Amino acid sequence: MVIAIQNRRVFIKQHPKGMPVIDDFGVEDEAIEDIPPGHVVAKVDTLSMDAWIRTTLNEEGMHRTGDIGSTIRALGVGQIIESNSDKLSVGDWVYGPMSAQTHALLADSAATRIMPEDGIPPGAFAGPLGITTGLTAWVGLVSVGEVQQDDVVVVSGAAGAVGSVVVQLAKQRGAFVIGIAGGPDKCTYLTDTLGADIAIDYKNSDVGEALAKAAPDGLDIFFDNVGGEILDHALGNLAQSGARVVICGAISQYQNLGDVRGPKLYLRLAERNASMRGFVVSHYAAHYPQAIAEISNLLRSGKLVLPEHVVEGIDQFPEALFMLFNGKHLGNLVVRP
């Protein structure tokens, strides 16, 4: 199938040494000149800026390392403009590995058809209904953390995309929620917009002392997106029996995956009959329908919100990545090519 679609993409020019810099990335135009059988071309609408993207830039990547010259991987939403597939048609909206580009050539097996509707726009599937955002939050809190009414739930990275959804889902299920974020603006966002009971500013307070004051009987669930010292503060404040520590991510460690700092206070798990479990959301695909139904109902009723921080233009993808790691956004950081 011969076509001529102009695509603009952001690629890895060199693997970063420490914090990425603009010279690590390149931008170029290319032509998509053929669609093999079983493939489609989607015009990319929204790309989700997720912390895991950083790990694909490392030579020792936690996720599969991107090769030099390869388009930076990212998940997102797009609309099919050309199809050589019996499964997907022009006009269909799909979610999948769009990557950092304006047009994505995808195998139909890699693209999941989505159904936008009133109150649930296409971009929601790269946010509250996205696998790496809302579904990750639901699986970690419900399937892994087994949240119960009246649990004390503490969320690190609480003002980010996943954390924002965890805070709201926990409140909807009757938990007492403490969010940890950096700076007064983010803490106000947690309490005033998301409904957290207490917000702790890790940049301007002693997190361990603040947790002990906010949860004098200890925490039942710690949903961790950060790792490092904050994980130790949580371990030091576990409830006396049955606490669950959910390891979703560790953004504080992604700059140096060759020397990851583990928790010093892991013995608290044994002392307090607690558990710590990591998870990969794709292992819980059977739970997606329940998660999607619950989150969709909350979205339609206005009981769950996820503000978007939008970066316009594919050329700005590296800048959005820097923003993600500098913490200079609220809610769901996305790129609109």
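Here the structure is shown first, and the text comes after it.
On a predicted model such as this, the values are computed, not experimentally measured, just so you know.

## A word on the overall build of the chain
A tally of helices and strands in the chain yields nine helices and 15 strands. Here the C-alpha radius of gyration of the chain, 20 Å, is about what a compact globule of 337 residues would show, namely 20 Å. Each principal axis of the C-alpha atoms in the chain carries an extent, and together these give about 65 × 45 × 35 Å. Scored against the burial criterion, the 337 residues of the chain give a buried share of 55%. When contacts within the chain are restricted to residue pairs at least 6 apart in sequence, long-range pairs at least 24 apart make up 68% of them. The positive charge centre, built from 25 side chains, and the negative charge centre, built from 39, are 3 Å apart in the chain.

## Brief notes about the sheet that holds strand S12 (residues 244-247)
If you trace the six strands from one edge of the open sheet to the other, you get S10-S9-S8-S11-S12-S13, paired in parallel fashion. Of all strands in the sheet, those with a lone pairing partner are strand S10 (198-201) and strand S13 (275-278), marking the two edges. Adjacent strand axes in the sheet meet at a mean angle of 15° when their direction is disregarded. Sheet topology places strand S11 (residues 221-224) next to S12; four bridges connect them, and they run parallel. Bridge pairing links Ile221 to Arg244 in S12.

## Looking at the side chain of Thr46
By the secondary structure assignment, Thr46 is in strand S3 (residues 39-48). Thr46 gets classed as buried once you look at its relative accessible area, which sits at 0%. Within polar-contact distance, the side chain of Thr46 engages the side chain of Asp45 at 2.6 Å. For Thr46, the contacting residues outside a window of four places in its chain are Leu75, Gly76, Val77, Gly123, Ala126, Val334, Val335, Arg336 and Pro337.

## Observations concerning the packing of aromatic side chains
Under the defined criterion, the tally for this structure stands at three aromatic pairs. Taken together, a centroid distance of 6.1 Å and an interplanar angle of 55° make the contact between Phe25 and Phe322 tilted. One end of the pair, Phe25, is in strand S2 (residues 25-34); the other, Phe322, is in helix H9 (residues 317-326), with 297 residues separating them in the sequence. Note on accessibility: Phe25 and Phe322 belong to one class, buried. Measuring from centroid to centroid gives 6.5 Å for Phe223 and Phe279, while their planes differ by 65°, and the two rings are edge-to-face. Taken as a pair, Phe223 in strand S11 and Phe279 in the loop between S13 and helix H8 (288-300) lie far apart in primary sequence, 56 residues in all.

## Side note on the state of the cysteines
If you walk through the whole model with that rule in mind, you get zero disulfides. The cysteine Cys187 is free of any disulfide, with Cys248 supplying the nearest cysteine sulfur at 20 Å. Looking at Cys187, the relative accessible area reads 12%, which means it is buried. Cys248 gets classed as partly exposed once you look at its relative accessible area, which sits at 23%.

## Quick look at the pattern of salt bridges
Under the criterion given, the structure shown has eleven salt bridges. Its salt-bridge partner being Arg8, residue Asp29 comes within 3.0 Å of it at the nearest N-O pair. Remark: Arg8 occurs in strand S1 (residues 2-12) and Asp29 occurs in strand S2; sequence separation between them is 21 residues. On the basis of relative accessibility, which here comes to 26%, the residue Arg8 falls in the partly exposed class. Taking the shortest distance from any N to any O, the salt bridge between Glu30 and Arg9 comes out at 3.6 Å. Of this pair, Glu30 sits in strand S2 while Arg9 sits in strand S1, placing them 21 residues apart in sequence. A residue is classified by how much of its surface remains accessible, and Glu30, at 29% relative accessible area, is partly exposed. Among the charged side chains, a network of salt bridges with common partners joins Arg8, Asp29 and Asp315.

So, how was this worked out
- Residues numbered from 1 in each chain as written.
- Predicted model: local features only at pLDDT ≥ 70, side-chain atom pairs only at ≥ 80, totals over all residues.
- Heavy atoms only, no water.
- Helix = DSSP H or I, 4+ residues; strand = E, 2+ residues; numbered from the N terminus.
- Rg over C-alpha atoms; globule rule 2.2 N^0.38 Å.
- Buried < 20%, exposed > 50% of the residue type's maximum accessible area, 1.4 Å probe, protein only.
- Contact = heavy atoms within 4.5 Å.
- Lys, Arg positive; Asp, Glu negative; His and termini not counted.
- Charge placed at Lys NZ, Arg CZ, Asp CG, Glu CD.
- Pairing = 2+ DSSP bridges.
- Axes fitted to C-alpha atoms, helices over the stretch in contact; angles between N-to-C directions.
- Polar contact = N/O pair within 3.5 Å; in protein donor to acceptor, adjacent residues only side chain to side chain.
- Phe/Tyr/Trp six-rings, centres within 6.5 Å; stacked < 30°, edge-to-face > 60°.
- Disulfide = S-S within 2.5 Å.
- Salt bridge = Lys/Arg side-chain N within 4 Å of Asp/Glu carboxyl O.

Remember that the coordinates give geometry; whether it matters functionally is a separate question.
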